[in-house]
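The primary structure of each chain is shown beneath.
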Amino acid sequence: MQRINHSEAYSCAGAHTNLAESYFSRLRRMIGGQHLRVEGRYLDAYAAHAAWLEDHRFKRNGVLANRLIGGALAAPVSRVWKGYWQRRAA
């Protein structure tokens, strides 16, 4: 891993912080706008969701919808998220 001193240079030998800054910007906007309320115990799941969206943002919506539906149908009931909307622990 390379470090960059931004007081000396914005980018050095191809290393930069654009991806990390883009990810955290999108995560903050998701929490503030889309999710409205995030509990600490679910923050890692929201961060993983934001990372997945960041990694797949250039793929077509049809491809993403097929992956979402296929994954949802193949996955068992989540013990972590069960009862989330009713605000009670599983």
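Keep in mind that what you see is a predicted model, and the values were worked out from it rather than measured.

Asker: Any chance you could explain the packing of helix α1 (residues 18-35) against helix α2 (residues 43-55) here in plain terms?
Answerer: Each pair of packed helices can be described by the angle between their axes along with the distance between the axes. Packing of α1 against α2 brings their axes to within 10 Å, and their N-to-C directions diverge by 120 degrees. Viewed along their axes, α1 and α2 adopt a mutual orientation that is oblique. Every pair of crossing elements has a handedness; the one defined by α1 and α2 is right-handed. For the pair α1 and α2, the contacting residues are Leu19, Ser22, Tyr23, Arg26, Leu27, Met30, Ile31 and His35 in the first and Leu43, Tyr46, Ala47, His49, Ala50, Ala51, Leu53 and Glu54 in the second. Across the contact of α1 with α2, the residue classes break down as 11 nonpolar, 3 polar and 2 charged.

Asker: Is there a simple way to think about a nonpolar patch on the surface in this case?
Answerer: Together, Leu68, Ile69 and Leu73 line one region of the surface with nonpolar side chains, adding up to about 360 Å² of accessible area. As for its placement among the helices and strands, Ile69 is situated in helix α3 (residues 61-74).

Asker: Help me out: how do you make sense of α1 in this one?
Answerer: Since one α-helical turn is 3.6 residues long, residues separated by three or four positions face the same way. The end-to-end C-alpha distance of α1, which contains 18 residues, comes to 24 Å, matching closely the 26 Å that a straight helix rising 1.5 Å per residue would cover. Residues Tyr23, Leu27 and Met30 constitute the buried set of α1. Packed against the buried residues of α1 are α2. Once α1 ends, the next one or two residues include Leu36, with phi positive near 65 degrees.

Asker: How should I be thinking about α2 in this particular structure?
Answerer: Relative to the 18 Å expected for 13 residues at 1.5 Å per residue, α2 spans 18 Å between its end C-alpha atoms, a close match to the ideal helical length. Taken together, the buried residues of α2 touch α1.

Asker: Could you clarify how one ought to interpret the layout of surface pockets in this entry?
Answerer: Take a probe with the size of a water molecule and roll it over the atoms, and the empty space left behind shows itself. Considered as a void within the structure, the largest pocket measures approximately 200 Å³ in volume. If you go around the largest pocket, the residues you meet are Leu68, Gly71, Ala72, Ala75, Pro76 and Ser78. Looking at side-chain class alone, the lining of the largest pocket contains 4 nonpolar, 2 polar and no charged residues. Its boundaries defined by the atoms lining it, the second largest pocket holds a volume of some 170 Å³. What lines the second largest pocket is His49, Trp52, Leu53, Leu64, Arg67, Leu68, Gly71 and Ala72. Among the secondary structure elements, those contributing two or more residues to the lining of the second largest pocket are α2 and α3. If one sorts the elements of the lining of the second largest pocket by residue count, α3 sits on top with 5 residues.

The rules behind the values
- Residues numbered from 1 in each chain as written.
- Predicted model: local features only at pLDDT ≥ 70, side-chain atom pairs only at ≥ 80, totals over all residues.
- Heavy atoms only, no water.
- Axes fitted to C-alpha atoms, helices over the stretch in contact; angles between N-to-C directions.
- Helix = DSSP H or I, 4+ residues; strand = E, 2+ residues; numbered from the N terminus.
- Parallel < 35°, antiparallel > 145°, perpendicular 65-115°, else oblique.
- Left-handed = near helix turned anticlockwise from the far one by under 90°.
- Contact = heavy atoms within 4.5 Å.
- Nonpolar A, V, L, I, M, F, W, Y, C, P; charged D, E, K, R; others polar.
- Patch = residues over 30% accessible without salt bridge, like charges linked within 9 Å, V, L, I, M, F, W, Y side chains within 5 Å.
- Areas by Shrake-Rupley, 256 points an atom, 1.4 Å probe, with all protein chains shown as cover.
- Salt bridge = Lys/Arg side-chain N within 4 Å of Asp/Glu carboxyl O.
- Expected span 1.5 Å × (residues − 1).
- Buried < 20%, exposed > 50% of the residue type's maximum accessible area, 1.4 Å probe, protein only.
- 1 Å grid on protein atoms, 1.4 Å probe; cavity = no way out; pocket = protein on both sides within 12 Å on 5 of 7 lines; lining within 4 Å.
- Points joined across faces, edges and corners; volume = space filled by probe spheres on them.

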